[in-house]
Every structure is written in structure tokens, then in C-alpha cells.
Amino acid sequence: MLNNVAVLLLDEVHPFELGVLCEVFGLDRSEEGLPVHDFAVVSAEGPELRTHAGFTISTPHGLDRLEEADLIAVPASGNVMAKTHPEEALSALRRAVERGARVLSVCSGAYVLGAAGLLDGRRCTTHWRHAADLARRYPKAIVEPDVLYVDEGPVITSAGTAAGIDACLHLVRQEYGQDAANTIARRMVVPPHRDGGQAQYIDRPLPRNACDTVGGTLAWMEQHLDQEMTVEQLAAQAHMSPRTFARRFQQETGTTPYRWLLRQRVLLAQHLLETSDRTVDTIAGQTGFGTAATLRHQFVRTLGTTPNAYRRTFRGPAATADAA
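Residues numbered from 1 in each chain as written. Predicted model: local features only at pLDDT ≥ 70, side-chain atom pairs only at ≥ 80, totals over all residues. Heavy atoms only, no water.

Caption draft 1: Fine view of the packing of helix H7 (residues 215-223) against helix H10 (residues 257-275). Between H7 and H10, whose axes approach to 10 Å, the crossing angle comes to 45°. Accordingly, the angle class assigned to the pair H7 and H10 is oblique. Of the two possible hands of crossing, H7 and H10 adopt the one that is right-handed. Along its contact with H7, which presents Leu218, Met221 and Glu222, the element H10 presents Pro257, Trp260, Leu261 and Gln264. Split into classes, the residues belonging to the contact of H7 with H10 amount to five nonpolar, one polar and one charged. (Axes fitted to C-alpha atoms, helices over the stretch in contact; angles between N-to-C directions. Helix = DSSP H or I, 4+ residues; strand = E, 2+ residues; numbered from the N terminus. Parallel < 35°, antiparallel > 145°, perpendicular 65-115°, else oblique. Left-handed = near helix turned anticlockwise from the far one by under 90°. Contact = heavy atoms within 4.5 Å. Nonpolar A, V, L, I, M, F, W, Y, C, P; charged D, E, K, R; others polar.)

Shown next as C-alpha cells:
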């Protein structure tokens, strides 16, 4: 059971992500029949920390408080990708997993788990904007860029912001049952359950700035999403053998050519559904899916919703009727 919960803070911690962890694990809701945790906020960088929003917070707890925790949660913090994290904090995370405790990251907090080596050989996720970079920095991690959260035994990682709520409620559901998770969700006025495999809503394609050898081919692929493509054709475009191209592509993007192409086609379909009145059939042709049925199948598989339902989410019922 999760009797003891500690939240590990780095400088420039994001207040919302910290607040989520405090709301789920740090409040006394015993009058509603919920368990009370021995909860503490722990600083990895001194008793007073700046938040990403500009104000400061303080805590009396240092890293030694992590040694007794059943769960250590790491929220997002500013510029976490470029930081060198305190080795004492990374060692404490490794020791926690070794003794059977759980660790949970929210958004870019996954970088801290990666630096500790806890993502090696494990499926994981983070905010979609950071997914490709996380995969490049920690190549032994199996990064899934388009899910809300991933539970890999003692290591749980979540995507950005609100997905942290989903991951926390998932853990509550595992430990205390559906009723406890539903009670907390009602208090927070959020859905009680969104499956971890449900897709993140991604606004733009992942950045290509670190794709040294396949960047030109990626740009060409984006401009020809309505056309069929094979690895052999793409390798010829990049002036490589198919085997070399596939290897370089995986190294530089963190995924395969097929998965990257599929993701860009879904992203383009999302954009057209949000911003145009084109029919689903027309969008299917423009995005390389060919037919509305194929687009619908891949849309549901990737995002967990249909094209028309997605359009209603962003534009309202009238837009769906007009485009039918």
C-alpha cells in the first residue's frame, strides 16, 4: 500500500503538476473513507525553490525523506532537459526502485527518471513536444509519444499536465479500487478514468532540429503525405541503402518510418478537421489514407476517437453537420 508519498522537486518546478500530486496524494479525505498518506514535498536543491511561474516555495524536507517513501513522484520543471540533475537525487530514485518503491513522473519529470537510468528497457512517455528528444537522450528507453501514461511495474510516466491526473488516478485505482479513484475524481471535477493508451491531442509535428541525416527526407515526406511511400523509395530519396536509412531514421526520430509517416498523416487529418469544412472522404485522400474507412480506422487506433467526434470536440456539432 502507498502509505508514504514524497514529491521530489527541482528548481523551476511547474506549479500545476505539483498541485496535481498534492491534490491526489496530499489531502486528508478520511471523512470520505479514503486513505491518508504520510505526504511530504522534498527539495533536491535547497530549502527554497523557484517555480516556473516566478514565485518561490519552501520545504523543510531534504533528500533523506525519500528513503522511507513508498511512492516518489517527480513533477515537471523548467529547462529540465538541459539540466544536470543532482546525483544524490538520482541515486535515491534508483535505491527506491531497488527496494520495491514506485516512482511516477508527470510531463518532463520523465527526464529525471531517464537520467537515473530507470527508463532503460522500459516503455515510457512524456509530453508530446519532448518525446523525440527524450528518445534521443535516453536511447535505451522505449518512448511512446502519443499516449497519456505508461505503467511499467515500479515506473509510471505520464504525458503533459492533465495526463498527470490520469496517471495518479490510475495508481489510486490499482491500490485502493475504483470507488476511491471515483471519489477523488469527483472532488477534482475530472473524468474518473481515461485509459493510458488514449492518445494525447498533439498540436504540431515533433521537431526535426536534431535529425542531421534524414531531416531533408522528413521534409519531403511531409510535403507528399498524400502519396504512397516505401522504405526503398525513402532510402533512395536520402541516398542511402534501405537498411542504413531505417537505422538512421530510428536513431534520429526515435521511431520507424512507417510509424512516423502514420503519425504525420493523422496530424494533418487533425489539422484539416479542426480548420476546414472538407468531408472526411476528401481529407482521407489528402492525407494518404485513401478512403474514409481507412482514415477512421487509423484515427480510432491512434487517438481513440472518430474523425467526426474529433471535429465536434474542436468545432462543435454544427461543423460536423455541415461537413457530412
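Caption draft 2: Region of interest: the sheet that holds strand E1 (residues 4-9). If you trace the six strands from one edge of the open sheet to the other, you get E2-E1-E5-E6-E10-E9, paired in mixed fashion. The outermost strands of the open sheet, each flanked by one partner alone, are strand E2 (38-43) and strand E9 (149-152). On average, each strand axis in the sheet is inclined to that of its neighbour by 15°, with strand direction left out of account. With six bridges joining them, E1 and E2 adopt parallel strand pairing. Each bridged residue has a counterpart across the sheet, and for Leu8 the counterpart in E2 is Val42. The strands touched by helix H1 (residues 15-25) within the sheet are E1, E2, strand E5 (71-74) and strand E6 (102-106), with E2 carrying the most contacts at an inclination of about 160°. (Pairing = 2+ DSSP bridges.)

Caption draft 3: Representation of the pairing of E5. With burial as the criterion, each face of E5 is covered, one bearing Leu71 and Ala73 and the other bearing Ile72 and Val74. Direction of pairing for E1 relative to E5: parallel, over a ladder of three bridges. Residue pairing for E5: Ala6 is matched across the bridge by Ile72. As defined by bridge partners, E5 adjoins E6 across four bridges and the pair is classed as parallel. By the bridge assignment for E6, Val74 is matched with Ser105. In the classification by handedness, the crossover that spans E5, the intervening helix H2 (residues 87-98) and the parallel E6 is right-handed. (Buried < 20%, exposed > 50% of the residue type's maximum accessible area, 1.4 Å probe, protein only. Right-handed = clockwise from strand over helix to strand, strands pointing away.)

Caption draft 4: Up close: the packing of aromatic side chains. Summed over all chains, the structure comprises four aromatic pairs. Seen from their ring centres, Tyr111 and Tyr138 are 6.4 Å apart, and the 70° between their planes marks the pair as edge-to-face. Of this pair, Tyr111 sits in helix H3 (residues 110-115) while Tyr138 is found in the loop between helix H4 (131-137) and strand E8 (142-143), placing the two residues 27 residues apart along the sequence. For the residue pair Tyr111 and Tyr138, the accessibility class agrees, reading buried in each case. Here Phe249 and Trp260 contribute two aromatic rings whose centre-to-centre distance is 6.2 Å and whose plane-to-plane angle is 85°, an arrangement assigned as edge-to-face. One end of the pair, Phe249, is in helix H9 (residues 242-253); the other, Trp260, is in helix H10, and eleven residues separate them in sequence. Judged by relative accessible area, Phe249 falls into the buried class, the value being 0%. Following the ring pairs from residue to residue traces out a cluster consisting of Phe245, Phe249 and Trp260. Geometry around Trp128 places Arg129 over its ring, the cationic atom sitting 5.9 Å from the centre. (Phe/Tyr/Trp six-rings, centres within 6.5 Å; stacked < 30°, edge-to-face > 60°. Lys NZ or Arg CZ within 6 Å of the ring centre and 35° of its normal.)

Treat this as a map of the structure, not an account of what it does.
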